[in-house]
Amino acid sequence: MSFETDKQTLDDLNLLGKYKNNSVYSMFVGTVTRGGERMMENMFLHPLTDAKAINDRSSVFRYFRDHDFGFPFEKDEFDVVEQYITGASSKNGFRNIFQLLKAKSMHYISNDPEFNIIRERILMSIKFYRKAREYFDKLATDVAGNPFQSVVEKGRSLLKDSRIDKLLGHPRQDNPGLVNLIAFDRVFRCLLNKQFKEVIELLQGVDLNVVVGRVAKEKNFCFATAADDGEVLVAATGLHHPRIDGAISNDLEVTASKNIFFLTGANMAGKSTLMKSFGIAVYMAHMGFPIAAKTMQFRIQDGMYTSINVPDNINMGYSHFYAEVLRVKNVAIEVSRNKRLIVIFDELFKGTNVKDAFDATLAVTRALANRRACSFMISTHIIEVGQELGKTCDNVTFAYLPTVMKDKVPTYTYRLENGITSDKHGMIIINNERIVEIIRSRVR
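Here's what I pulled together on the structure shown here. (Residues numbered from 1 in each chain as written. Predicted model: local features only at pLDDT ≥ 70, side-chain atom pairs only at ≥ 80, totals over all residues. Heavy atoms only, no water.)

**Points about the pairing of strand β8 (residues 375-380)**
Remember that side chains alternate between the two faces of the sheet whenever the strand is regular. What counts is decided by this rule: Remark: exposure states derive from per-residue accessible area (1.4 Å probe, protein chains only) relative to the maximum for the residue type, with buried under 20%, exposed over 50%, and partly exposed in between. Under the DSSP-based scheme used, a helix requires at least four consecutive residues in state H or I and a strand at least two consecutive residues in state E, with every element numbered from the N terminus. The pairing criterion is simple: DSSP has to find at least two bridges between the two strands. Look down the strands so they point away from you; if the path from the first strand over the helix to the second goes clockwise, the crossover is right-handed.
Of all six residues in β8, six are buried; the element is thus mostly enclosed. Of the two faces of β8, the one lined by S375, M377 and S379 and the one lined by F376, I378 and T380 are each fully buried. Here strand β4 (residues 260-265) runs beside β8; their pairing, made up of five bridges, is parallel. Residue pairing across strands places L263 opposite S379, the latter belonging to β8. Inspection of the sheet shows strand β7 (residues 341-346) paired to β8 by five bridges, in the parallel sense. By the bridge assignment, I342 is partnered in β8 with S375. With helix α13 (residues 354-368) bridging β7 and the parallel β8, this β-α-β connection has right-handed handedness.

Structure follows, in structure tokens:
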């Protein structure tokens, strides 16, 4: 079963996009191989929903975080060898020999470059696989008991063939004649082509592991622990946004008995950033990737949906409020199907008047409170909703991000506190900016 989400959620959390400004994905750009990049994209698009698979993947990344193996191949080097090996078939032995003989003849006749190109690919492949053999030996350091051990053992086994020993130890490997080149080419593109392809695929995965492990180490991120069941739905310490340097961190917990996290606070207090941090952590945890936190544990969820930056739709004739309503409706449909979902609503129904927003937010949150299989993080400016909610729902955790006034200027700690905020500083900010005075002043 795949982890459910949608484009709105991916956009809200800015998860995808290799070249997108401050996207989460852009932190993990740096793979040398094309295959490693494809694997990275696939992992971002398809988070896992099996606790063992997630924990195993995290263990591999942790291994690469703790061991500075690097990746010994350059991009051009890897591309040339990959193209040479994967573009061949073990069934085309005679055609390959004919191609070499023809290229050699054309080289004599017209100095055609094809022969030198083939020759260079063969020589580069010899050096490549010698380096690969040494690299897999290096990767075996302290690997016992780690899920990555099977990859190391497979790589070493594939490269232990006696025919590879003969190839890598050949006395003419640096300056081969035509007969030598034909023999070498036959090993690479016919006799052991399948094994060499498998080695390339293994190295592509290693390439990805090196990048993810390096990010975890440089950013001092943790790896979450996944469980199939349990009271804790999501619990994190030191949680912060992965794309904000020096971000303030917070501890929070959502449990089966307290499955609604109700967040209040003034504008600019940090509610949206905290909610995005939470959503990104949940998504990345299901990928088995490093998390911007000190510790994290979570129970496997079926998916996640957010409503943070819902735009209006001019083409459909939808106002901002109606777009919000449709978004909440679509998420409600998913929630009603008894799935285990993480749902994040930032400022429900902010596109309508305060009275309607109060009534709608209270009604929707009360209804969601009866869906105990799901986890909800909901924020609002309307603090009265929280006060009413506390009278009827026993499964809500109330928290707020405070505003501290210094000489009539609001400042923000960005640190969670228990309870419901009493901050109402909107008019103070408006007065500080002298908006009314500017309007009333005489234009000169």
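Next comes the rest of the account.
**A short note on the sheet that holds strand β12 (residues 417-418)**
Note the following rule: The contact rule is simple, with two residues in contact once any of their heavy atoms fall within 4.5 Å. A fitted line through C-alpha atoms represents every axis, and for helices the fit uses only the stretch in contact; the resulting angles, taken between N-to-C directions, go from 0 to 180 degrees.
The six strands lie next to each other as β6-β7-β8-β4-β9-β12, forming an open sheet whose pairing is mixed. Strands at the two margins of the open sheet, each flanked by one partner only, are β6 (303-307) and β12. Here strand β9 (residues 396-401) runs beside β12; their pairing, made up of two bridges, is antiparallel. Considered in β12, the bridge of Y400 is made with E417. Running over the sheet, helix α11 (residues 271-287) touches β4, β6, β7, β8 and β9 and is turned about 165 degrees from β7.

**Side note on the sheet that holds strand β1 (residues 225-227)**
Note on sheets: strands pair through backbone hydrogen bonds, and any given pair is parallel or antiparallel. The strand order β1-β5-β2-β3 describes an open sheet built from four strands, whose pairing is mixed. Of all the strands in the sheet, just β1 and β3 (250-255) have a single pairing partner and so form its edges. When strand polarity is set aside, the average angle formed by the axes of neighbouring strands in this sheet is 10 degrees. As judged from the five bridges shared by strand β2 (residues 232-239) and β3, these two strands associate in the antiparallel manner. Across the sheet, residue V232 finds its bridge partner in β3, namely T255. Sheet strands in contact with helix α3 (residues 51-66) are β1 and β5 (295-299), and its direction is about 170 degrees off that of β1. Seen against the sheet, α11 touches β2, β3 and β5 and runs at an angle of roughly 70 degrees to β5.

**Focus: the side chain of D302**
Rules: We count Lys and Arg on the positive side and Asp and Glu on the negative side, and we leave His and both chain ends out. One side-chain nitrogen of Lys or Arg within 4 Å of one carboxyl oxygen of Asp or Glu is enough to make a salt bridge.
Counting through the fold element by element, D302 comes out in the loop between β5 and β6. No salt bridge forms around the buried D302; measuring N to O, its nearest opposite-charge neighbour R340 is 5.0 Å away. Excluding residues that lie within four positions of it along the chain, D302 makes contacts with M1, S2, F3, E4, K339, R340 and L341.

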